[in-house]
Amino acid sequence: MHGIDTLLSELEAFGSSNDAAHAERARRMLNITRDTGQLLAVLVHARGARRVLEIGTSNGYSTLWLARAVQALGGSVVTVEKAQDKFDMAQANFVRAQLQGVIKQLLADADDVLRDAPDGAYDFIFLDSARQHYAQWWPQLDRVLAAGGVLVVDNASSHYADMAGFLDAIGADSRYTVCLATVGKGEFIAVKTGN
C-alpha cells in the first residue's frame, strides 16, 4: 500500500496548491481532508460496505480512500463525475494506484445514475457534489441506499446553509439515525436503520 500512500500525499499537495491558485470553482479540486478520508475508510469497514457510490469524483482523492477500504472487503466503488477534465485526471490516478479494477468510473449526471440504479443498490453513499441538487436527489438516494446503509455528506459544517433543508429532513426521518462529525469540513452521517 506504500504506492497509494505516496499518491494520496501528492494529491493533497496538488489539491492545496491548485485550489490556492484558482478562484473559479470548476478549476478547483475541492478535495476532502485527510481525516475525512480516514473517517470514510473506517465507516466502510464498520458497515462492511461492498457496494459504494460516490457522487463527485473530482481528481479521485476521496475515491482512493473509499476504494482502498472496499477492496479489502471484496467490493467496488461506483464514482460519478460530470466534468471531463476531472474524470480524466481521476482515471490516471486510479491506474497509478492500481485500483481501476475496484473503481467503476462514470462520466454522467448523478440524476441519471440514481434513476437507473435498482432499489437498495448501495451499502454506502458519499455525497460531495453540487449541493443545490441534494434535496431533489433525496427520494432516489433514499431508494438506492440499502437497509442498514450509510450516507455521508461532505461540507455539512462549512456549507450547512446550502443544504440545511436537505440535512434537516433526513434528521427528522425516523428511519435514519444521524450525527454531524466535526471532521474536515463537517461530515453528516446518516444510517438507514429502518425501512
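Relevant structure appears above.
Note that the coordinates shown come from a computational prediction; the quantities given were computed from them, not determined experimentally.

Calculation criteria
Counting starts from 1 at the beginning of each chain's written sequence and moves along it residue by residue. Local features in a predicted model are, by the rule used here, given only for residues with pLDDT of at least 70; side-chain atom pairs are given and counted only at 80 or more, and totals for whole chains, interfaces and linings are based on all residues. Heavy atoms from the whole structure form the basis of all side-chain values; hydrogens and water molecules are not counted. Buried residues of nine kinds, namely Ala, Val, Leu, Ile, Met, Phe, Trp, Tyr and Cys, make up a nonpolar core once their side-chain atoms join them within 4.5 Å. In this scheme, a residue with accessible area under 20% of its type's maximum is buried, one over 50% is exposed, and one in between is partly exposed, where area comes from a 1.4 Å probe on protein chains only. Helix numbers and strand numbers start at the N terminus; a helix is a DSSP run of H or I with at least 4 residues, a strand a run of E with at least 2. The contact criterion used is simple: two residues touch if any of their non-hydrogen atoms lie within 4.5 Å. Salt bridge criterion: a side-chain nitrogen from Lys or Arg within 4 Å of a carboxyl oxygen from Asp or Glu.

(A) Just the nonpolar core, in detail. One finds Leu64, Leu66, Leu99, Phe124 and Val152 to be the most contacted residues of the largest nonpolar core, which totals 31 residues. For this core, the element with the highest residue contribution is helix α3 (residues 61–71), accounting for 7 residues. Membership of the second largest hydrophobic core comes to 28 residues, among which are Leu114, Ile125, Trp137 and Ile170.

(B) Seen up close, the side chain of Thr63. Along the chain, Thr63 turns up in helix α3. If we skip the residues at most four places from it in the chain, Thr63 touches Glu54, Thr57, Val77, Thr79, Phe94 and Ile103.

(C) Representation of the pattern of salt bridges within the structure. Across all of its chains, the model carries 11 salt bridges by this definition. Its salt-bridge partner being Asp123, residue Arg51 comes within 2.7 Å of it at the nearest N-O pair. Taken together, the residues Arg51 in strand β1 (residues 51–55) and Asp123 in strand β4 (residues 122–127) connect sequence positions 72 residues apart. Residue Arg51 is classed as partly exposed on the basis of its relative accessible area of 34%. For Asp173, the salt bridge goes to Arg175, with nearest N and O atoms at 2.6 Å. For Asp173, a relative accessible area of 17% puts it in the buried group. One salt-bridge network, held together by shared partners, links Asp142, Asp173, Arg175 and Lys192.

(D) Representation of the side chain of Thr36 in the model. Here Thr36 is to be found in helix α2 (residues 34–47). By relative accessible area, which is 0% here, Thr36 ends up buried.

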